[in-house]
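# Structure at a glance
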Amino acid sequence: LSWLLDSFATPFVEKAKRVVGGKWQDNRERARWDDALQSYGQSILRHYGTLRVLGKSEDVPLGDVFTDVFILDQISARRRFDIRELMEKEVERFDLPQHTSERRNGMGLVNQGQSLYILGKPGAGKTTFLKNVAVRSIANQLGSPTEKRLPLFVPLHEWANSKHDELLSFLVEQLDTHHFPEAEKFLEHLLENGNGLLLFDGLDEVRQEKEQRARLAQQLRDFTKKYDKNQFLITCRVAASEYVFPGLREVEMADFTQEQVLQYAEKWFGSDTLKFGNFAADLKKPENAGLAELCNVPLLLSLLCLYYDDTQTFPARRAELYEDALDALLRKWDSSKQIQRDEIYEKLSHKRKQQMFAHIATPTFEKGQLYWTTKQLADAISGYLSHIPGAPPVEDIDGEAVLRAIEAQHGVLVERAHNIHSFSHLSFQEYFTARYIVENEARGATKALIEKHLTDQRWRETFLLTASLLDN
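What you are looking at is a predicted structure, and each value in this text was computed from that prediction instead of being measured.

### Considering the environment of Ser169
Relative to the assigned elements, Ser169 resides in helix α8 (residues 167-176). Here Ser169 falls in the partly exposed class, since its relative accessible area comes to 29%. Taking C-alpha positions, Ser169 is 10.0 Å from Trp159, a pair spaced ten residues apart along the chain.

Pasting the structure below:
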């Protein structure tokens, strides 16, 4: 970590000597800075060099699971398609036309010194990416030798819930925890000279009530403008990205490709090459196409790896895995990170939420409809919510606001293109359709399924899921 001392400590000591009238003694102060920076570097490696994979009982080294991240210049939700054309083509597995922009290596853009506003789906690996940037920066693996920057990692929900109204004072407190002498002056010197790499994680994790998120976003804009010599990375879920940060390049984290899925899984299984080989082979089987689709999101891929690690097979009762995946998105992920989000539909129980998704999935899957306009989906949500006991009239329910909350908080529904939405995975629509049929078995739903769709290949997965969910 000698570059830290050379880049930051020496010029600061010289400046500090002038500030206090030359009373500082070089050797002693240099030793203090050396100790402080060494301690800080070790702390970064200790805090961000590992991560907790969902389902694991202990942290794992970051390098054991981190897979190169690729990003897209064009934001998915801003692409424009004709929904009627998409529905007529019945695009299987949401295989929308590819982005016109190339997939770019995320770390490559960071190495170029670019400031980025990084959007992504829930569980896409945004926090993991920032942790990797922090660790590689401390390890002197970022940027050119003449442009070293000190990483400062800021979970934005921690700042929002702290006693500090101002970002600068919160950053000073972060340095204080690492026993920096004269932390405030050090930070001012660092930022004024453009030596900071500021990693702001999870804008979507800041609550919106009482305009908290809007105020924090404005402070971030002011901060990035005032200290524009520094490099900034801000992450946010794509469905909560209504904010703009001038000077930051807006990008989106790309889904994993098949190659990245295998790279991640190989790292996950580590030295157990036999189990990894079996996992890769089973994932390619046609009957596991629905499970393979889940793997483009790191959160759900790690869930599949965990299940396979325990059982060495994928279950014949596929519904178990979908239930676990949905439970991870709807409940476990935020609770594991100790995040409290705004619940615009907070009166809904976990079961009610799943029931709502089933009421959306079934009639549309029946019609072969995979996509909805914003209005269609918002109306369906409002219609369901209005039938819950004690709910306000349908005209008083803001279905679009609920839709945005679902997309931002859970990622079960996503905006595929401008004002065009779908389930994040076709597997989820098939699962919720099967769940609806089972819950309405007494009303003849299973009989209707057999009579209408027994020979329809598109319903094969729904038949299997329905059978596995039935008691008999």
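### Some details on the confidence of the model for the protein
Summing up the model confidence of the protein, the mean pLDDT is 80 and the portion of residues at 70 or higher is 82%. Contacts for the low-pLDDT stretch residues 9-25, under 50 throughout, to residues beyond four places or in other chains number 28 contacts. Long-range and interchain partners of residues 96-100, a stretch whose pLDDT sits below 50, account for 13 contacts in this model, where long-range means more than four residues apart.

### Things to note about the sheet that holds strand β4 (residues 104-105)
A sheet is described by the order of its strands in space; here seven strands give the open sequence β4-β3-β9-β5-β8-β7-β6, paired in mixed fashion. The strands lining the two open edges of the sheet, one partner per strand, are β4 and β6 (150-155).

### Points about the sheet that holds strand β10 (residues 372-373)
An order of β10-β12-β11 is seen for the three strands of this open sheet, with the pairing classed as antiparallel. What marks the edges here is a single partner per strand, and that holds for β10 and β11 (413-417). Where β11 lies against strand β12 (residues 420-423), four bridges are found, and the strand directions are antiparallel. Residue Leu413 lies in a different strand from β12, and its bridge partner there is Phe423.

Scoring rules and cut-offs
- Residues numbered from 1 in each chain as written.
- Predicted model: local features only at pLDDT ≥ 70, side-chain atom pairs only at ≥ 80, totals over all residues.
- Heavy atoms only, no water.
- Helix = DSSP H or I, 4+ residues; strand = E, 2+ residues; numbered from the N terminus.
- Buried < 20%, exposed > 50% of the residue type's maximum accessible area, 1.4 Å probe, protein only.
- pLDDT = per-residue confidence, 0-100.
- Contact = heavy atoms within 4.5 Å.
- Pairing = 2+ DSSP bridges.

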